[in-house]
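# Topology and contacts: notes
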Amino acid sequence: MIDVNAYLGHFAFRQLRHNTAAGLLRLMDSRRIERAVVSSASAITYRNSQSGNEEVAEEVKGRRDRLIPLAVINPFYAGWRDDLKICHEEFGMKGLRMYPRWHNYRLADPACLDLVSEAAERGMVISIPVRVEDRRQRSWLLDVPDVPLEEIADLVRARPRAQYILVNGTGFVNSPLGRENSGLPSNYAIEISRLSAVMANEIGQLVANLGSGRIVFGTGMPFNYPDPALVKLEVLEAGEDVKEQIRWRNVARLLGLPSAAK
């Protein structure tokens, strides 16, 4: 099982448990999650997100067989091209996470499009969290809205050579991103942590609309406990072959992991 939506480090507005490499691995072991794609929670609110990338690179040393690091890059921060190069070439990060609302830009801004293009040229995936945490739990100091799904759809259309993993989102079936024959390129996958598996069953609808190869497993650890995502996958009305794709095969293929050949 590979979790595409996990984090290391601190968050400015709440205490996180299991937020070190050792702590996260213990939590993963208790839930039989073999690997996790991680980025810096600290970099979400650091003025210079590269400091968070450096911390994550140090944390995952000796643990790269289980923790797969992504960079957090702000395209409006001076020197982001140098940061991207260091994260890819020196730190070996396989992708990046972007926080347009937290870092005060839009996905359609030219600087953002330049970042996506350069990351795609390097073969790096683009992970876009629709939200970081429930807005009902937000600090009184700020109000950061979710990234609109329409804005993400415009980006995947504008930069079709990039590969995207959309995390912490919901409502996809009511947007072009979750509809069959929407005209969008098939260059994105959707993670399940906020999707329903019963009642509205958005996971099942997305499997039917987009195909099982476009859905990936994620939990949001340590912002969230992993159990809800695990239960959703367990109760999903789908064959074991579909669940196996969601558990690990799809993300292994997207990230070019050796296990993709198994």
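One structure accompanies this document, and this report is about it. (Residues numbered from 1 in each chain as written. Predicted model: local features only at pLDDT ≥ 70, side-chain atom pairs only at ≥ 80, totals over all residues. Heavy atoms only, no water.)

## Some thoughts on a nonpolar patch on the surface
Rules: Nonpolar side chains (Val, Leu, Ile, Met, Phe, Trp, Tyr) are joined into patches within 5 Å and like charges within 9 Å, using only residues with over 30% relative accessible area and no salt bridge. To measure how exposed things are, a 1.4 Å probe is used in the Shrake-Rupley method; for residues, cover is taken only from the protein chains shown. By definition here, a salt bridge exists when the distance from a side-chain nitrogen of Lys or Arg to a carboxyl oxygen of Asp or Glu is within 4 Å. The cut-offs for exposure are 20% and 50% of the maximum accessible area for each residue type, with area from a 1.4 Å probe on protein chains only; residues under the lower value are buried, those over the upper are exposed, and the others partly exposed.
A contiguous nonpolar surface patch, about 420 Å² in accessible area, is contributed by V198, M199, V231 and V235. A residue is classified by how much of its surface remains accessible, and V231, at 44% relative accessible area, is partly exposed.

## Focus on the layout of surface pockets
Heads up, the rule is: The rule is simple: put a 1 Å grid over the protein atoms alone, call a set of points where a 1.4 Å probe fits but cannot get out a cavity, call an open set with protein on both sides within 12 Å along at least five of seven lines a pocket, and count a residue as lining if it has an atom within 4 Å of a point. Grid points are joined across faces, edges and corners, and a volume is the space filled by probe spheres set on the points. Residue classes follow a fixed rule: Ala, Val, Leu, Ile, Met, Phe, Trp, Tyr, Cys and Pro count as nonpolar, while Asp, Glu, Lys and Arg count as charged, and any other residue, Gly among them, counts as polar.
Of the voids in this model, the largest pocket is the one considered here, and its volume is about 290 Å³. Every residue lining the largest pocket is counted, 20 residues in all, and those nearest its centre are R131, E133, D134, R194 and N224. Grouping the constituent residues of the lining of the largest pocket by class yields seven nonpolar, six polar and seven charged.

## Details of the sheet that holds strand 9 (residues 215-216)
This is how the line gets drawn: Pairing between strands requires that DSSP locate at least two bridges from one strand to the other. Helix and strand definitions follow DSSP, with helices as H or I runs of at least four residues and strands as E runs of at least two, each counted in order from the N terminus.
Within the open sheet, the six strands sit side by side as 4-5-6-7-8-9. Their pairing is parallel. Edge positions in the open sheet fall to strand 4 (71-72) and strand 9, since each of these has one partner strand only. Bridge count for strand 6 (residues 125-129) against strand 7 (residues 164-167) is four bridges, and the pairing is parallel. Each residue of the ladder has a partner; that of P129, found in strand 7, is V167.

## Re the nonpolar core
Note on soluble globular proteins: their nonpolar side chains tend to be buried together. Put simply, the rule reads: Working definition of a nonpolar core: buried Ala, Val, Leu, Ile, Met, Phe, Trp, Tyr and Cys residues. They are joined through side-chain atoms within 4.5 Å. Contacts are assigned to residue pairs that have any heavy atoms within 4.5 Å of one another.
Core analysis: the largest hydrophobic core is formed by 66 residues, its most contacted members being M98, I152, Y164 and L177. Those residues within four positions of L177 in sequence are excluded, and the remaining contacts are L149, I152, A153, V156, L166, F172, L184, Y188, I190 and L210. Counting 26 residues, the second largest nonpolar core, distinct from the first, contains F11, I165, V167 and F223.

## Some details on the pairing of strand 8 (residues 188-191)
The two faces of strand 8 match: Y188 and I190 on one face and A189 and E191 on the other face are all buried. Sheet analysis places strand 7 next to strand 8, joined by three bridges and oriented parallel. Looking at strand 8, one finds that Y164 is bridged to Y188. Relative to strand 9, strand 8 runs parallel, the two being bridged by two bridges.

## Here we look at the packing of helix 3 (residues 80-90) against helix 4 (residues 110-121)
The test is simple: With axes taken as lines fitted to C-alpha atoms, and helix axes fitted only over the stretch in contact, angles between N-to-C directions fall between 0 and 180 degrees. If an angle is under 35 degrees, it is roughly parallel; if it is over 145, roughly antiparallel; if it lies from 65 to 115, roughly perpendicular; otherwise it is oblique. The sense of a crossing depends on the near helix, which, turned anticlockwise from the far helix by less than a right angle, makes the crossing left-handed and, turned clockwise, makes it right-handed.
Contact geometry of helix 3 with helix 4 gives a least axis separation of 11 Å together with a crossing angle of 25°. The angle between the axes of helix 3 and helix 4 places the two elements in the roughly parallel class. With respect to the hand of their crossing, helix 3 and helix 4 are arranged in right-handed fashion. Seen from helix 3, the contacting residues are W80, R81 and L84; seen from helix 4, they are A111, D114, L115, E118 and A119. In the contact of helix 3 with helix 4, the residues fall into five nonpolar, no polar and three charged.

## Here we look at the sheet that holds strand 1 (residues 2-8)
Strand order across the open sheet formed by three strands is 1-2-3, with parallel pairing between neighbours. With partners counted over all chains shown, the strands left at the sheet margins are strand 1 and strand 3 (67-69), one partner each. Direction aside, neighbouring strands of the sheet carry axes that sit 35° apart on average. By the bridge criterion, five bridges tie strand 1 to strand 2 (residues 35-40) in an arrangement that is parallel. Bridge pairing links Y7 to S39 in strand 2. Across the face of the sheet, helix 2 (residues 49-59) comes into contact with strand 1, strand 2 and strand 3 while running at roughly 150° to strand 2.

## Quick notes on unusual backbone geometry
Backbone phi values are negative for most residues with the exception of glycine, while trans is the configuration of most peptide bonds. The omega torsion of the bond from M221 to P222 falls at -5°, within 30 degrees of zero and hence cis. Along the chain, P222 turns up in the loop between strand 9 and helix 7 (227-235). Of note, the phi angle at N104 is positive, near 65°, even though the residue is not glycine. In this fold, N104 is placed in the loop between strand 5 (95-97) and helix 4.

## Side note on helix 4
Basically, it comes down to this: Residue count minus one, scaled by 1.5 Å, sets the expected span of a helix.
Helix length check: helix 4 (twelve residues) gives 16 Å between terminal C-alpha atoms against 16 Å at 1.5 Å per residue, within 8%. Taken residue by residue, helix 4 has A111, C112, L113, L115, V116 and A119 as its buried positions. Contacts made by the buried residues of helix 4 are with helix 3, strand 5, strand 6, helix 5 (149-158) and strand 7. Directly beyond the C-terminal end of helix 4, a positive phi value near 75° is found at G123.

## What about the packing of aromatic side chains?
Stated formally: In summary, the pairing rule links any two rings of Phe, Tyr or Trp, Trp by its six-membered ring, whose centres are within 6.5 Å, and it sorts them by plane angle into stacked for under 30 degrees, edge-to-face for over 60 and tilted for everything else.
Counted by the stated rule, this structure contains six aromatic pairs. Here the aromatic rings of F11 and F13 are separated by 5.8 Å at their centres, their planes lie at 70°, and the arrangement is edge-to-face. Taking the relative accessible area as the measure of exposure, F11 reaches 5% and is therefore buried. Geometrically, the ring pair formed by F76 and Y105 is stacked, given 6.0 Å between the ring centres and 25° between the ring planes. With F76 in the loop between strand 4 and helix 3 and Y105 in the loop between strand 5 and helix 4, the pair connects residues that are 29 residues apart, well separated along the chain.

Spatial relationships are all this shows, so hold off on functional conclusions.
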